[in-house]
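Observations on the model geometry
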Amino acid sequence: MVSHQLRRDLADIEMDIDSYVSKGTDIPDEMKERHESLKLELNNIIYPVLTLPTEITVEIFEKLLTKHTNPRSLSPTEAPLLLLHICRAWRAIALSTPSLWTTLAISFKGFKRQITSDPLPRTFGQWPTCACATPKTLSLYGDATGKDGEHMSAVLHRHAPQLVSLRLSLYPLDLHRLLEPIQFPALEAVVLDQAISRTCPAWRIFESTPQLRDVTLLFEIRPHHLILPWSQLTTFSGDRFTALECYRVLSDSPALQKCEFQ
């Protein structure tokens, strides 16, 4: 069979390559090219799915999307994360396909990660949560401290230019990562749901949000915790506000069309 011959040819050339390596000499470019060519040819025979046009592969990937059992975290046993572990070709296609990442939810472990020794990359550029196409909706949950705080910051900066909706439900949190502004040119809606000290410095993360119209502050988040473009908000919801805090929101937000205090 053709595949058997290809395997023999591949084995022969790999033996030659090993010989060059053991001698500490450079492998000829022709041999490298032949090696890659044989691997590609063999893969196309063994895995014919790799020969499909990219647009067909994307359609198949989209059919694999399911409603996650845990909406607060991507699952490595389901698409799209599962697709990243099949082969390099599928990983590249999956990461660059926006329809697979329209909604991205990440749960951080913080101190628990240290206990379980779960690995994190030294840099996050190639991490799926940063390397994937920018989602429209991003939700961040859990303990964003230490290395996970760096991860959170990397995710926000990577996706900020095209993000439309953002939810932060992080506790504990390295607050200094939210004190400086991030450019969110397309951000329209924000939900903040977390415990926080009443005396913490004001977050400047949302200073540059020209499209922001909808803000929800839950749990212990108060107006004075944030620097927001109050005058452009049209929808606002607040939880456990005092009468004075309600008054401040109403007086600072003349464009409000819908407002709810719980």
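Residues numbered from 1 in each chain as written. Predicted model: local features only at pLDDT ≥ 70, side-chain atom pairs only at ≥ 80, totals over all residues. Heavy atoms only, no water.

An unreviewed UniProt entry lists the protein under the name F-box domain-containing protein, with Mycena pura given as the organism.

1. Topic: the pattern of salt bridges
Cut-off, in case you're wondering: When a carboxyl oxygen of Asp or Glu lies within 4 Å of a side-chain nitrogen of Lys or Arg, that pair is called a salt bridge. Burial classes follow relative accessibility: with a 1.4 Å probe on protein chains only, a residue under 20% of its type's maximum area counts as buried, one over 50% as exposed, and anything between as partly exposed.
Summed over the entire model, instances satisfying the criterion amount to seven salt bridges. Of the charged contacts in the structure, one is a salt bridge between Asp239 and Arg240, with a shortest N-O distance of 3.5 Å. Given the relative accessible area of 48%, Arg240 is considered partly exposed.

2. Description of the nonpolar core
Stated formally: For our purposes a nonpolar core is just a set of buried Ala, Val, Leu, Ile, Met, Phe, Trp, Tyr and Cys residues, chained together by side-chain atoms within 4.5 Å. Here, residues are in contact when the closest pair of their heavy atoms is within 4.5 Å.
Counting residues in each nonpolar core, the largest one holds 56 residues, and the members touching the most others are Trp101, Leu140, Trp203 and Phe206. Not counting residues within four places of it along the chain, the set of residues in contact with Leu140 comprises Ile106, Phe108, Met152, Val155, Leu156, Arg167, Leu168, Ser169 and Leu170. Counting residues in hydrophobic clusters, the runner-up holds eight residues, among them Leu6, Ile17, Ile27 and Leu42.

3. As for helix 8 (residues 243-252)
At 3.6 residues per turn, the α-helix brings residues three or four places apart onto the same side. Rules: The numbering of helices and of strands both runs from the N terminus, where a helix is a DSSP run of H or I of at least 4 residues and a strand a run of E of at least 2. In this description, one arc is meant: the one made by directions from the helix axis to the C-beta atoms.
Listed in full, the buried residues belonging to helix 8 are Glu245, Cys246 and Val249. Within helix 8, the buried residues cover an arc of 100 degrees as seen down the axis, which keeps them to one side. Within helix 8, the exposed residues directed more than 90 degrees away from the buried face are Ala243, Leu244 and Tyr247. Tucked into the core, helix 8 has its buried residues touching strand 6 (235-238) and strand 7 (258-261).

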